[in-house]
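Residue-level structural notes
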Amino acid sequence: MPREAVVAELRERDAKILMTFPVTATSHLLAEARARGAYAALEKALRTMTPQQVAKEVTASGLQGRGGAAFPAGRKWAVIQYDDGQPHYLCANADEGEPGTFKDRWILENSPHQLVESMLIAAYALQVRHAFVYMRGEFSAPFRRLQGALDEAYAAGLIGENILGTGFSCDLMIYRGAGSYVCGEASALLSSIEGKRGYPRNRPPRLTVKGLYQRPTVVNNVETLSNVAWIVQHGAEAFKAVGTPKCPGTRLISISGHIARPGVYEIEVGYPWKRLIYDDCGGMLHGAALKCVIPGGISTKVLTAAEIETLNLDPAEVEPAGSSMGSGGMVAIAEGTCMVRLLQVMLRFYHHESCGQCTPCREGMGWLHRLIDRIVDGQGRLDDLDMMARISRLQDGNTICGMGDAAGYATLGILAKYRHEFEHWIREGRSMHEGNLECRRSS
Ligand SMILES: Cc1cc2nc3c(=O)[nH]c(=O)nc-3n(C[C@H](O)[C@H](O)[C@H](O)COP(=O)(O)O)c2cc1C
Ligand code: SF4
């Protein structure tokens, strides 16, 4: 189909690339996926394109990582050398451990063949013989759905030896983690697949140089990879017609918290924030007023209702506002919510999940957690707040993986904007919002 027709059709479908069909009890199965056009892009890639051409198309599309760091997929892939005589590996990151994030789950449960097909195309482009999906241990339904899709695809000759008679062979398997947040970090995930403790590794070397079993490895998020089939089928130019010039395409946003219609929504990058909350999601629960949002998983800095008033969901607007779109896990928080309690829950999580390798993270998380517990117990001191900010800043850039930085950003973000709530608790020994366990009704 010519590019103009693809773009016109996309616009008619509200610019949806991934969530393009009504979910039914059978829409995840191979027969229905094929009726929607699944595996046509794989055929196109294997029969008409070289691996280099596929990689070039992905680079040209400007596809950015959807796992949190927004690193361009093509740039990561470009590090892989075709003639290095080594095995290469590909791994889809389906750990989805960032609190508030459940958008990859939508793909795994409802559109598993989109991921399988895209991974096979990526494996072809990167000359990978063995590819993995690293999935968090708690994902039971997504595991069953993806395993079912793999079984169907193997039976149809779409995975394994000599795929579609083209001479290209690739095996794809699921590796289930045991529910550790830090195993979602790309290098920890690879250590976990190797059967080792899921500890993040120091860089360099980059994983694309020495990754799984010390071989060149590409780790991409499930959503990032799931875009690949569409890009190959319709072309990089059609992909770039959606979204913004710097960040083309769409994002899956999982939205939860005090919201009338929580769930997963696919939006074009650049979509108005308030339109998502008030039109698509039906506004705040019980008509409450919006207090703030956590834009992309709890590791991204909170933005107040006033700050997002005119913002669009575009990294070019969210980053200058002091936060990031992160993993797409948005939490909408209603007026009346206690930010001290919210930070306490977050710090308990980070402390529990720190793998303990780096002193600033291991000790800092424990310290922050003890300080906030002390405040909530009514024993806090005003200078505890400066101490918390100092500890958070100490973590920035001084740890092996991004978890130390992220926990620090989250703490600093809440302290900067809601310090008065902490001061109130310290002075009065109780929350400013005591008695308000549920979000406040507007009338
Ligand atoms: C503590 C921690 C947890 C992470 N968890 C996830 C995760 O659950 N899923 C994910 O895709 N990326 C996660 N990441 C980011 C990965 O390290 C990596 O950047 C990502 O999988 C790369 O894919 P992308 O370029 O397609 O976004 C995590 C990073 C850190 C530091
Ligand atoms: S920052 Fe924390 S989670 Fe990451 S490697 Fe260091 S101790 Fe482990």
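Residues numbered from 1 in each chain as written. Chains lettered and ligands numbered in written order. Predicted model: local features only at pLDDT ≥ 70, side-chain atom pairs only at ≥ 80, totals over all residues.

Regarding its fold elements, the protein chain presents 19 helices and 11 strands. The C-alpha atoms of the protein chain give 22 Å as radius of gyration, which agrees with the globular expectation for 443 residues (22 Å, within 12%). C-alpha atoms of the protein chain, sized along the principal axes, occupy 75 × 45 × 35 Å. The 443 residues of the protein chain split such that 50% are buried. Long-range contacts, defined here as pairs at least 24 residues apart, represent 72% of the contacts in the protein chain between residues at least 6 apart. (Helix = DSSP H or I, 4+ residues; strand = E, 2+ residues; numbered from the N terminus. Rg over C-alpha atoms; globule rule 2.2 N^0.38 Å. Buried ≥ 20, exposed ≤ 12 C-beta atoms within 10 Å, placed from the backbone. Contact = placed C-beta atoms within 7 Å.)

What the domain assignment reports for the protein chain is domain 1 (3–240), domain 2 (250–334) and domain 3 (339–428). Using C-alpha coordinates to define each centre, domain 1 is positioned 35 Å away from domain 3. Listed as interface residues are eight residues of domain 1 and, on the opposing side, eight residues of domain 3. Of the residues belonging to the side of domain 1 that touches domain 3, the class tally is five nonpolar, two polar and one charged. (Domains from an automatic or database assignment. Nonpolar A, V, L, I, M, F, W, Y, C, P; charged D, E, K, R; others polar.)

With respect to spatial proximity, 14 residues lie near ligand 2, and among them Cys355, Cys358, Cys361, Thr399 and Cys401 are the closest. Every element with two or more residues in the shell around ligand 2 is listed here: helix H17 (359–376) and helix H19 (402–428). When the residues that make up the shell around ligand 2 are grouped by side-chain class, the tally is eight nonpolar, five polar and one charged. (Near = placed C-beta within 6 Å.)

Attention shifts here to the pairing of strand S3 (residues 171–176). For strand S2 (residues 128–135) and S3, the ladder comprises six bridges, and the chain directions are parallel. Note that in S3 the partner of Phe132 across the bridge is Met173. The handedness of the S2 to S3 crossover, carried by helix H8 (residues 140–155), is right-handed. (Pairing = 2+ DSSP bridges. Right-handed = clockwise from strand over helix to strand, strands pointing away.)

This part is about the packing of helix H3 (residues 40–48) against helix H7 (residues 112–126). Look at H3 against H7: their axes get within 9 Å of each other, and the N-to-C directions meet at 10°. As the angle between them shows, H3 and H7 are arranged roughly parallel. Where H3 crosses over H7, the two elements pack in a sense that is left-handed. Two secondary-structure elements touch here, H3 through Ala41, Leu42, Ala45 and Leu46 and H7 through Glu117, Leu120, Ile121 and Tyr124. Among the residues forming the contact of H3 with H7, the class breakdown is seven nonpolar, no polar and one charged. (Axes fitted to C-alpha atoms, helices over the stretch in contact; angles between N-to-C directions. Parallel < 35°, antiparallel > 145°, perpendicular 65-115°, else oblique. Left-handed = near helix turned anticlockwise from the far one by under 90°.)

Around ligand 1, the structure places 23 residues, and the nearest of them are Gly65, Gly67, Gly184, Asn221 and Thr224. Those elements giving two or more residues to the shell around ligand 1 turn out to be strand S4 (217–221) and H19. Ranked by the residues each element gives to the shell around ligand 1, the list is headed by S4, at three residues. Here the residues of the shell around ligand 1 are counted per class, giving eight nonpolar, 10 polar and five charged.

Leu90, Cys91, Met119, Leu120, Ile121, Ala123 and Ala332 are the most contacted members of the largest nonpolar core, which has 130 residues in total. Beyond its immediate chain neighbours, meaning those up to four positions away, Leu120 contacts Leu42, Ile159, Ile163 and Cys170. (Core = buried A, V, L, I, M, F, W, Y, C linked by C-beta atoms within 7 Å.)

Attention now goes to the sheet that holds strand S8 (residues 290–294). An order of S6-S5-S11-S8-S9 is seen for the five strands of this open sheet, with the pairing classed as mixed. The outermost strands of the open sheet, each flanked by one partner alone, are strand S6 (263–268) and strand S9 (303–304). Pairing between strand S5 (residues 250–257) and strand S11 (residues 329–334): four bridges, direction parallel. From the neighbouring strand, Ile255 faces S11, where its bridge partner is Met330. Contacting S5, S6, S8 and S11, helix H13 (residues 273–280) crosses the sheet at an angle of about 140° to S6.

Moving on: the pairing of S4. Buried residues dominate S4, accounting for five of its five residues. Burial along S4 is two-sided: the residues Thr217, Val219 and Asn221 and Val218 and Asn220 are all buried. Pairing between strand S1 (residues 88–94) and S4: five bridges, direction parallel. If you follow Cys91 over to S4, its bridge partner there is Val219.

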